[in-house]
Amino acid sequence: YKGEMLELSEIIPKAVDFYMKALNETVDINVATYAGYKLAYIYLVNSQSKESAKYTQKIAKAKPDYFAKYFLASVEMMNDYVNIQDYKSASTIASCLAKTVGKNNDEHEKLLRDAGIWLSLTDDKKEALKVLNKYIKIYRNGTFIDEIVIAKDSLFKALKASALL
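Residues numbered from 1 in each chain as written. Predicted model: local features only at pLDDT ≥ 70, side-chain atom pairs only at ≥ 80, totals over all residues. Heavy atoms only, no water.

It is not clear to me how the nonpolar core should be interpreted in this structure. Could you clarify?
Most often, soluble globular proteins keep nonpolar side chains buried together rather than apart. F67 and W118 are the most contacted members of the largest nonpolar core, which has 46 residues in total. At 8 residues, the largest contribution of residues to this core is made by helix α3 (residues 29-45). Sequence-distant contacts of F67, defined by excluding residues within four places in its chain, comprise Y37, T56, I59, A60, S74, I93, C96 and L97. (Core = buried A, V, L, I, M, F, W, Y, C linked by side-chain atoms within 4.5 Å. Buried < 20%, exposed > 50% of the residue type's maximum accessible area, 1.4 Å probe, protein only. Helix = DSSP H or I, 4+ residues; strand = E, 2+ residues; numbered from the N terminus. Contact = heavy atoms within 4.5 Å.)

Any chance you could explain the packing of aromatic side chains here in plain terms?
Aromatic rings considered in pairs are described by the distance between their centres and by the relative angle of their planes. Counted by the stated rule, this structure contains 7 aromatic pairs. On the numbers, 6.3 Å between centres and 70° between planes, the contact of Y19 with Y34 is edge-to-face. One end of the pair, Y19, is in helix α2 (residues 12-25); the other, Y34, is in helix α3, with 15 residues separating them in the sequence. Ring-pair connections join several aromatic residues into one group, and the members of that group are Y37, Y66, F67 and Y70. In this arrangement the basic side chain of R113 is found over the ring face of F144, its NZ or CZ atom lying 4.1 Å from the centre. (Phe/Tyr/Trp six-rings, centres within 6.5 Å; stacked < 30°, edge-to-face > 60°. Lys NZ or Arg CZ within 6 Å of the ring centre and 35° of its normal.)

Looking at this structure, I do not really get α3. What am I missing?
Because an α-helix packs 3.6 residues into every turn, residues spaced three or four apart end up facing the same way. Here α3 spans 24 Å end to end across 17 residues, near enough to the 24 Å set by a 1.5 Å rise per residue. Most of α3 is tucked away: 12 of the 17 residues are buried. Burial in α3 covers these residues: A32, T33, Y34, A35, G36, Y37, K38, L39, A40, I42, Y43 and L44. With a side-chain oxygen positioned 2.8 Å from the backbone nitrogen of N30, the residue opening α3 is D28. (Expected span 1.5 Å × (residues − 1). Polar contact = N/O pair within 3.5 Å; in protein donor to acceptor, adjacent residues only side chain to side chain.)

Here it is, written out as structure tokens:
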């Protein structure tokens, strides 16, 4: 947790070095995930979004439920990605949170909607369609159903157009 102290002291380069060392040398998945999460955050707030996205994707693969451990910070990170139009990273976090909190959580519907809508803004149209269909299956009369149907229709048009090319 020396990295946190360095981070709080605004000695960011040393904090990054410390988190990198922790990430590369530990065998403990929790320590590695924590270091990756901190690196994703530091890189994001320091306008290095590609580096940040790399760690976000690694966390999603290794321990997707980790984002829920820091739910509010993860939502903030997710929104920061949206603000810089990195919809893939935002969708990744939304998907991880939605899976972790489950259908009985009040946030689930919005997170699933966000994951599908944001993913539809990327090149990953087929995966976006799966997420949108999942929303429709779970929330047939949901709060965001109109928005989801519009996004799904747009995806069909995009997929048809790409199939014709």
